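Coordinates in review
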Amino acid sequence: MGEFVRVLAASDLPPGKATEALVDGRPVALFNVGGVFHALSNRCVHRGGPLGQGVLDGATVVCPWHAWTYDVTTGISSVNPDLKVARYETKVEGGDVFVRVE
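These lines cover the structure that appears in this document, whether it is placed above or below. The structure presented is a predicted model; accordingly, all values stated were derived computationally and were not measured. (Residues numbered from 1 in each chain as written. Predicted model: local features only at pLDDT ≥ 70, side-chain atom pairs only at ≥ 80, totals over all residues. Heavy atoms only, no water.)

In this section: the sheet that holds strand β7 (residues 69-71). Ordered by their spatial adjacency, three strands build an open sheet running β5-β6-β7, and the pairing between neighbours is antiparallel. Every interior strand has two partners, whereas the edge strands, β5 (55-57) and β7, have only one. Ignoring strand direction, the axes of neighbouring strands in this sheet form an average angle of 25°. Looking at chain direction, β5 and strand β6 (residues 60-62) are connected through three bridges and run antiparallel. Across the sheet, the residue bridging to Val55 is Val62, located in β6. (Pairing = 2+ DSSP bridges. Helix = DSSP H or I, 4+ residues; strand = E, 2+ residues; numbered from the N terminus. Axes fitted to C-alpha atoms, helices over the stretch in contact; angles between N-to-C directions.)

Attention now goes to the side chain of Asp96. Note on placement: Asp96 falls in strand β9 (residues 96-100). Residue Asp96 is classed as buried on the basis of its relative accessible area of 19%. In this structure the side chain of Asp96 is engaged in a polar contact, spanning 3.3 Å, whose partner is the side chain of Arg6. When near neighbours in sequence (up to four residues on either side) are disregarded, Asp96 contacts Arg6, Leu8, Ala9, Ala10 and Lys91. (Buried < 20%, exposed > 50% of the residue type's maximum accessible area, 1.4 Å probe, protein only. Polar contact = N/O pair within 3.5 Å; in protein donor to acceptor, adjacent residues only side chain to side chain. Contact = heavy atoms within 4.5 Å.)

Shown next as structure tokens:
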């Protein structure tokens, strides 16, 4: 089982925003939805677009390349529930956000 890795200070990612990070060599998209942090693979299943550069609308991220959408709480496509991106566990400790990739 992977270890939690510090990604950033929670204050560096305001609610309603997304960012990108590498966690144990994996590209991760990190989202702040109302103060709750979620992490997904940073690669859209359509053409590999960077989800961490997408627009966050509530708990839905819109891929910046072709507008595919995903629920950041589950990683499931909003259009086709058979499609999903990997979701990673997050936690906040001491004001920092940590992510564990498997």
